[in-house]
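Architecture and fold: a report
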Amino acid sequence: MPEPLQQAGLALCYYFGLILIMRLAGKRLAGQTTTFDLLVLIALGVVLQTTVLMEGRANAAVFIVTVLGMHVVLARLCAKSRKVRRLVRGAPRPLIWNGQVSYEALDEEGLSYDELLAGLRKLGYAHPKAVRLATLEETGHISAVANDAANDAGGEGEAVRSVGRVRDRGDV
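Residues numbered from 1 in each chain as written. Predicted model: local features only at pLDDT ≥ 70, side-chain atom pairs only at ≥ 80, totals over all residues. Heavy atoms only, no water.

1. Details of the overall build of the chain
Note the following rule: Each helix is a run of H or I in the DSSP string that is no shorter than four residues. Each strand is a run of E no shorter than two, and both are numbered from the N terminus. Relative accessibility decides the category of a residue: with a 1.4 Å probe and only protein chains considered, values under 20% of the type maximum give buried, values over 50% give exposed, and everything between is partly exposed. Whether two residues are in contact is decided by their heavy atoms: any pair within 4.5 Å suffices. All accessibility values rest on the Shrake-Rupley procedure with a 1.4 Å probe; residue burial counts only the protein chains present in the view.
For the chain, the helix and strand inventory stands at eight helices and five strands. For the chain, the α and β elements follow one another from N to C terminus as α-α-α-α-α-β-β-α-α-β-β-α-β. Counting every position in the chain, which comprises 172 residues, the buried fraction comes to 35%. Residue pairs in contact within the chain that sit at least 24 positions apart in sequence constitute 58% of those at least 6 positions apart. Accessible surface, the chain as shown: approximately 10300 Å² in total, 61% of it carbon and sulfur.

The structure is reproduced here in structure tokens:
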């Protein structure tokens, strides 16, 4: 097999390996990242990259073009297909419903109660009882809807607040 083609195949393996790592790590790594989480992700990416990047500038160029090209293709697929987006990014997950925290959801998403409270404080809520619905979005950030009389009636005063990483629509 020609070297550039072999490098492109390895780059694709690298890209899908990163997606697998991100999915296994959960949404927290995408939106509620701590410094340690970021260091772990970078270290995993570097280790994975060193195992698949062959020597030479031409191979580096093939690697970069392949990974960027695959990223663009997958971002477009995610934008057009709900199934692909759910497979790659996951689905939104309610964390609070009518002021009640779902500890099961927190546990399954790898979030602590303190991290949930910190996310709510960033949105201007002092306590989970002040929230009708808080959701861990597929991007990893927390969004919330206030638990007040205007919102319970579905009035126009309904406010949805969101906190987390600002991501470009094409980010995967």
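Here the narrative resumes, following the displayed structure.
2. A look at the pattern of salt bridges
Our working rule: By definition, a salt bridge exists where a carboxyl oxygen of Asp or Glu is found within 4 Å of a side-chain nitrogen of Lys or Arg.
Applying the stated criterion across every chain, the model contains four salt bridges. Among the salt bridges present, the one from Glu138 reaches Arg89, with a minimum N-O distance of 3.6 Å. In this pair, Glu138 sits in the loop between β3 (131–136) and β4 (142–146) while Arg89 sits in helix α5 (residues 82–89), placing the two residues 49 residues apart along the sequence. Judged by relative accessible area, Glu138 falls into the buried class, the value being 18%. Ionic contacts of the salt-bridge type, sharing partners, join the residues Arg85, Arg89 and Glu138 into one network.

3. Focus on the nonpolar core
What counts here: Here the nonpolar core consists of buried residues drawn from Ala, Val, Leu, Ile, Met, Phe, Trp, Tyr and Cys, with membership extended through side-chain atoms lying within 4.5 Å.
In this structure, Leu95, Leu116 and Leu120 are the most contacted members of the largest nonpolar core, which totals 16 residues. Breaking this core down by element, the ones donating at least two residues are β1 (93–97), α6 (103–109), α7 (113–122), β3 and β4. Core analysis: the second largest hydrophobic core is formed by eleven residues, Tyr15, Phe63, Met70 and Leu74 among them.

4. Regarding the pairing of β1
The condition is simple: For two strands to be treated as a pair, DSSP must find no fewer than two bridges joining them.
Judged from the four bridges that link them, β1 and β3 form a sheet pairing that is antiparallel. Within β3, the position partnered with Ile96 by the bridge is Ala134. Examined bridge by bridge, β1 and strand β2 (residues 100–101) share two bridges and lie antiparallel to one another. Of the residues in β2, the one forming a bridge with Ile96 is Val101. Joining the antiparallel neighbours β1 and β2 is a turn of two residues, in which Asn98 adopts a positive phi near 50°.

5. Some details on helix α1 (residues 3–25)
What counts, and what does not: The length a helix should cover is 1.5 Å for every residue beyond the first.
Between its first and last C-alpha atoms α1 spans 32 Å; for 23 residues at 1.5 Å apiece the expected length is 33 Å, and the two agree. The set of residues buried in α1 consists of Gln7, Ala8, Ala11, Tyr14, Tyr15, Gly17 and Ile19. Directly after α1, the chain includes Gly26, whose backbone phi takes a positive value near 95°.

6. Description of unusual backbone geometry
A positive phi angle is found at Asn98, which is not glycine, with a value near 50°. Tracing the backbone through its elements, the reader meets Asn98 in the loop between β1 and β2. We classify Asn98 as partly exposed; its relative accessible area is 42%.

7. Brief notes about a nonpolar patch on the surface
How we decide: Patches here: salt-bridge-free residues with over 30% relative accessible area, like charges joined within 9 Å, nonpolar side chains (Val, Leu, Ile, Met, Phe, Trp, Tyr) joined within 5 Å.
On the surface, a cluster of nonpolar side chains totalling about 290 Å² of accessible area is made up of Phe36, Val40 and Leu44. With respect to the helices, strands and loops of the structure, Phe36 is situated in helix α3 (residues 35–52).

8. Here we look at the confidence of the model for the chain
Note the cut-off: Confidence of the predictor at the level of single residues is captured by pLDDT, which takes values from 0 to 100.
When pLDDT is averaged along the chain, the result is 82, and 82% of the positions lie at 70 or above. Between residues 149–158, whose pLDDT stays under 50, and residues either more than four places distant or in other chains, the model counts eleven contacts. Segment residues 164–172 is flagged for pLDDT under 50; beyond a separation of four residues in sequence, or across chains, it makes 22 contacts in the model.

9. Some thoughts on the environment of Phe16
Positionally, Phe16 belongs in helix α1. With a relative accessible area of 41%, Phe16 lands in the partly exposed category. Phe16 sits 51 residues away from Val67 along the chain, and the two C-alpha atoms are 9.4 Å apart.

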